[in-house]
Structures are given as structure tokens and as C-alpha cells.
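Understanding the architecture of this molecule
As a plain string of letters, each chain reads:
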Amino acid sequence: MKHYKLFMMAMMAVTLSVGLVSCGDDDDVDNTVVDGNQSTLDQACADWKVARANWENSEAFLFGAANVYSIDPHTDTWPVAANDLADVLRDANAMSDLDNFIKTANSGILGYHGLEYVLFRNGQPRQVSQITNLEYNYICAVAKDLYNATATLEAAWDSKESNAERHQIALDYVATHSSINDDGDAVGSLGSFQNFGKAFKNPGTGEWTTALDATLEIISGCQDIVGEVGDSKIGLPYTGEDPTYIESPYAYNSITDFYDNIISCKNALYGGMGASTPNDKSLIYFCKNSGNATLSSRANSVVEKLDAALAKIHQMKAPFALYYTDASCGEAIDALGELDDALSDLSETLKGYAGNSTVEAQCKTINENYVDNVVLATYRTLANNAQKLYQSIVKIKK
């Protein structure tokens with residue numbers, strides 16, 4: 001996953017303690033404060049954290065719909081382009097038709113972090129007395145769009161297309177949203193709706209030629225997020241290469257994000273959401289019990305390095321936004337590097353079984369379980385909780 005650096009966080013700090021529209025002197029800007037209860041805002045913040053965890057638990061499988069439909073950058077670009085967001089809140093045309101504006105807006109003002117910027121300050125819910133009506137209208141539209149994006153992910157991986165309502169949301173989403181370039185800008189149409197769950201289960205019908213190819217994608221997806229957490233999310237601030245590159249800085253949720261990212265790998269490899277041990281249809285179970293000493297050893301190494309990486313992330317000094325140069329960050333980076341190496345070794349060993357009919361059959365079982373009990377289960381939970389988040393945000397206003 002690639003995130004787009006749009007503004008320095010030092011520039012954002014100017015607006016951290018005030019409402020977005022208060023940084024200008026425009027006489028025609030509506031500065032009225034929303035009529036709401038603090039308890040409803042607190043609930044919205046709690047629901048943001050739940051939906052956020054669900055999203056981070058999906059980052060080991062950002063291939064497929066999240067990538068093809070630009071849903072990853074559309075919902076999870078950071079740092080927030082705070083100055084752009086302040087401008088939008090002064091733009092009468094944008095504010096009058098937010099549902100449509102958001103479909104093609106620069107991704108730096110959208111999604112989880114657009115919501116986070118309005119809802120949180122210094123790791124705590126903002127005071128409702130600081131939320132303006134313009135901000136409220138904006139986050140209602142962003143939260144609705146976030147729900148639609150997550151419903152699209154669910155529908156695109158549901159091989160049985162079992163939820164007609166969310167399938168229709170997905171069709172509408174793909175038809176109305178745009179592809180996003182490296183600057184976070186809309187650059188064209190998304191094409192037509194595809195069912196990635198069907199393609200992953202049935203090699204040769206989509207981008208995966210064989211069942212083994214799809215199984216190797218499970219490992220590759222894990223490596224992508226392991227590398228991003230170690231090299232970018234933790235590494236760029238820790239090394240000083242880019243101290244502004246901090247995820248979820250307003251909610252102080254960074255370390256939780258990192259941990260949940262690696263949990264997404266554990267779920268993918270162990271064959272289920274919240275799995276503590278590999279189930280009998282999982283990739284790790286197959287490799288550990290394959291009867292091949294090398295493959296079993298590679299799988300055991302992945303398990304060991306996975307647990308070690310999670311432990312090191314858990315031990316990082318919090319909040320990361322304040323302690324990103326602490327030595328514990330370096331220890332987490334090292335552990336993630338070892339996990340990446342172990343995953344590479346496992347992948348290389350598995351590649352040696354290309355053309356083996358027994359392995360191909362086993363991979364098909366692994367892939368079917370992965371689609372239903374990892375990817376679809378995660379996206380369904382995500383969509384449910386994103387819908388709850390949207391409903392909670394709407395309720396902020398009396």
C-alpha cells in the first residue's frame with residue numbers, strides 16, 4: 001500500500017487545537033458550533049477505533065478490490081491534507097453537494113484520517129463545543145462514503161454474492177468513483193465490477209493462473225504489509241528520514257494500527273479471523289504437516305518470527321507520535337525484518353511445488369477457506385462496523 005505525502009505535519013500543527021474553519025478570517029464562513037452531546041461524540045470516536053482495527057486487520061490482503069478500485073488510498077491516505085480540508089469547508093459548491101464531491105476529491109482529505117482529524121485531538125475525543133456544523137456535515141458525508149467503500153470490498157470478495165444490498169452498493173461505487181494516482185487525485189474510471197472471491201477460488205478465471213499462484217499471493221500480501229510497517233510506518237519517522245510520516249497521530253492510534261496490521265498476517269496465515277492457532281485448512285497448517293522437513297521448518301520459523309514481531313510492536317513506547325525515535329521502535333523494525341525473511345523463505349520453498357497435483361489440490365482448499373473465513377469475514381465485519389460508525393457520527397448532532 002502506498003500513502004501520499006501531501007503536507008508536512010508541522011504545518012498541520014497550526015490547526016491541531018482549533019476547529020478547521022477557525023484558521024482563517026473569512027467573514028462568510030459558517031463558524032456555528034454543532035448542537036450535540038459529548039457522549040455521542042465519544043461514542044463516534046469509540047466506533048472509529050473499532051472500524052479502524054477492522055481495516056488494519058485487512059491490510060494483508062490489499063490486492064484485489066482494495067487495489068483495483070483504489071479503495072485503499074481513497075479510505076486510508078495519510079498524513080491528512082489539513083489545509084486542503086480547511087479550503088473545502090469554505091467551498092460553497094463542494095459543501096452543497098458533498099456526497100458527489102467526495103467521490104472524486106483528493107484522497108488526502110478523506111477516509112479514516114479525514115474523520116480522525118475532526119474527531120480527535122491528542123489521543124482523546126474533541127470537545128463537541130469545538131465541532132462546527134460544517135465539520136459535522138463533512139464527516140457525515142465522509143463516513144457514509146467510507147461505509148460504501150467497505151461494503152464494496154465485502155461484495156467484491158463474496159463469491160456467492162449473498163448480500164444483495166451491498167452488491168448494489170458495490171455496483172454504484174465502482175460506477176461513480178474514480179481511480180486515484182500517486183498524488184491522491186482522481187484520474188479516470190474504475191472499470192467494471194469484478195468478483196475477486198470467485199477468481200481466487202477458481203484458478204484460471206482471473207489473475208491467478210493456478211491455485212498455487214493464489215496461495216503464494218497470501219504470503220506476498222503479508223510481506224507487503226510487513227515491509228510497509230517496518231520500513232515506512234515505523235522506519236521513516238524512526239530513522240529521521242521523514243518524521244512527519246506518522247499514521248493516526250490525532251487519535252494516538254499508531255501502535256495499535258501497526259499491531260493490527262501484523263494480526264492481519266496472522267489471520268491470513270492461520271486461516272481465520274482471530275485465530276490463535278492454524279486451522280486445518282490454513283497455509284501454515286498444511287506446511288507444518290506436509291511431511292516435508294524443509295517446508296515444515298519454514299512454517300515453524302514464520303510462526304516464531306510472527307509472534308516475536310507482535311511482541312516487539314506491543315512493547316513500543318506509546319504514543320508513537322511522541323516517541324517515534326525510541327529504541328523500542330528499532331527493535332520492532334528488526335523483528336519485522338526477520339519475519340519478512342522467514343516469509344520469503346517459505347514462499348521460495350512453496351514455489352518448488354509448481355505443477356505438483358497434490359499441492360495444487362491442497363492449495364485450492366487453502367484458498368477457498370482464505371476467501372470465506374479470512375478475507376470475506378474480515379470485510380463483512382469491517383462493513384458492519386463502518387456502517388455503525390456512520391450512524392454514530394450522524395447522531396452527534398441533536
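Everything numeric here is computed off the predicted structure, so don't read it as measured data. (Residues numbered from 1 in each chain as written. Predicted model: local features only at pLDDT ≥ 70, side-chain atom pairs only at ≥ 80, totals over all residues. Heavy atoms only, no water.)

**Brief notes about the environment of Pro249**
What counts, and what does not: Helix and strand assignments follow DSSP, with helices taken as H or I runs no shorter than four residues and strands as E runs no shorter than two, numbered in order from the N terminus.
Considering the arrangement of structural elements, one finds Pro249 in the loop between α12 (211-239) and α13 (254-270). Considered as a pair, Pro249 and Pro79 are 170 residues apart in the sequence and their alpha carbons are 8.7 Å apart.

**Some points on the side chain of Asp260**
Formally: Burial here depends on accessible area, computed with a 1.4 Å probe over protein chains only, as a share of the maximum for the residue type. Under 20% is buried, over 50% is exposed, and the range in between is partly exposed. A positive count includes Lys and Arg, and a negative count includes Asp and Glu. His and the chain ends are not counted in either. Salt bridge, as used here, is a side-chain nitrogen of Lys or Arg placed within 4 Å of a carboxyl oxygen of Asp or Glu. Contact criterion: two residues are considered in contact whenever any of their non-hydrogen atoms come within 4.5 Å of each other.
You can see Asp260 is positioned in helix α13. Despite its burial, Asp260 remains without a salt bridge, the nearest opposite charge being carried by Arg52 at 7.6 Å. Beyond its immediate stretch of four places on either side in the chain, Asp260 contacts Ala53, Glu56 and Asn57.

**Some thoughts on the nonpolar core**
As a reminder of what qualifies: Here, nonpolar core refers to any group of buried Ala, Val, Leu, Ile, Met, Phe, Trp, Tyr and Cys residues whose side-chain atoms link them within 4.5 Å.
By size, the foremost hydrophobic cluster in this structure holds 120 residues, and its most contacted members are Leu115, Leu119, Tyr138, Trp157, Ile234 and Ile393. If sequence neighbours within four positions are ignored, Trp157 has contacts with Phe63, Gly64, Ala65, Phe196, Gly197, Phe200, Trp208, Val371, Val375, Leu376 and Tyr379.

**A few points about unusual backbone geometry**
When glycine is set aside, most residues are seen to have a negative phi, and most peptide bonds are trans. Trp78 connects to Pro79 through a cis peptide bond whose omega is -5 degrees. Examined against the element boundaries, Pro79 turns out to sit in the loop between α4 (71-76) and α5 (82-88). A cis amide bond links Ala318 with the next residue in sequence, Pro319, at an omega value of -5 degrees. With respect to the helices and strands, Pro319 occurs in the loop between α15 (293-314) and α16 (320-323).

**Focus on the packing of α13 against α15**
Definition in use: Axis geometry follows a simple rule: fit a line to the C-alpha atoms, using only the stretch in contact for helices, then measure angles between N-to-C directions, giving values from 0 to 180 degrees. In this scheme, roughly parallel covers angles under 35 degrees and roughly antiparallel covers those over 145, while 65 to 115 is roughly perpendicular and the rest are oblique. In a left-handed crossing the near helix is turned counterclockwise from the far helix by less than a right angle, and in a right-handed crossing that turn is clockwise. When residue character is reported, Ala, Val, Leu, Ile, Met, Phe, Trp, Tyr, Cys and Pro are called nonpolar, Asp, Glu, Lys and Arg charged, and the others, Gly included, polar.
One way to put it is that α13 packs onto α15 with a least axis distance of 9 Å and a crossing angle of 165 degrees. Considering their axes alone, α13 and α15 lie roughly antiparallel with respect to each other. Read as a crossing pair, α13 and α15 show a hand that is left-handed. Contacts from Ile255, Phe258, Tyr259, Ile262, Ile263, Cys265, Lys266, Leu269 and Tyr270 of α13 reach α15 at Val302, Val303, Leu306, Asp307, Leu310, Ile313 and His314. Partitioned by chemical class, the residues of the contact of α13 with α15 number 13 nonpolar, one polar and two charged.

**Details of the packing of α12 against α13**
Two numbers describe how α12 lies on α13: the axes approach to 9 Å, and their chain directions differ by 165 degrees. Overall, the two elements α12 and α13 adopt an arrangement that is roughly antiparallel. Judged by the sense of rotation from one axis to the other, the crossing of α12 with α13 is left-handed. Here Ile218, Cys222, Ile225, Val226, Val229, Lys233 and Ile234 of α12 lie close against α13, whose contacting residues are Phe258, Asn261, Ile262, Ser264, Cys265, Ala268 and Leu269. Partitioning the contact of α12 with α13 into residue classes produces 11 nonpolar, two polar and one charged.

**Side note on the pattern of salt bridges**
Tallied over the entire structure, the rule returns 21 salt bridges. Lys351 is the salt-bridge partner of Glu348, the closest N and O atoms lying 3.1 Å from each other. In this pair, Glu348 and Lys351 both sit in helix α17 (residues 327-351), three residues apart, roughly one turn of the helix. Overall, Lys351 belongs to the partly exposed group, its relative accessible area being 42%. Put simply, Arg52, Glu56, Glu59, Asp76, Lys233, Glu247 and Asp257 are held in one network by salt bridges that share partners.

**So, the pairing of strand β4 (residues 186-189)**
Our working rule: Only strands that DSSP links by at least two bridges are regarded as paired with each other.
Across three bridges, strand β3 (residues 178-180) lies against β4 in antiparallel orientation. Paired with Ser179 across the two strands is Gly188, which belongs to β4. From the end of β3 to the start of β4, which pair antiparallel, there are five residues, and Gly184 there has a positive phi angle of about 85 degrees.

**What about the packing of aromatic side chains?**
Two measures describe an aromatic ring pair: the distance that separates the ring centres and the angle between the ring planes. The criterion, for reference: In this analysis, rings of Phe, Tyr and Trp, with Trp reduced to its six-membered ring, are considered paired at centre separations within 6.5 Å, and the interplanar angle assigns stacked below 30 degrees, edge-to-face beyond 60, and tilted for intermediate values.
The full count for this structure, using the stated rule, is 16 aromatic pairs. With centroids separated by 6.0 Å and ring planes inclined at 70 degrees, the aromatic side chains of Phe63 and Trp157 adopt a geometry described as edge-to-face. In this pair, Phe63 is assigned in the loop between α2 (38-56) and α3 (65-68) and Trp157 in helix α9 (residues 133-157), connecting sequence segments 94 residues apart. With relative accessibility at 11%, the residue Phe63 sits in the buried group. Centre to centre, the rings of Trp78 and Tyr245 are 4.3 Å apart; their planes meet at 50 degrees, and the pair counts as tilted. Separated by 167 residues along the polypeptide, Trp78 in the loop between α4 and α5 and Tyr245 in the loop between α12 and α13 bring together distant segments of the chain. Across the pair, Tyr245 and Trp78 agree in class, each one buried.

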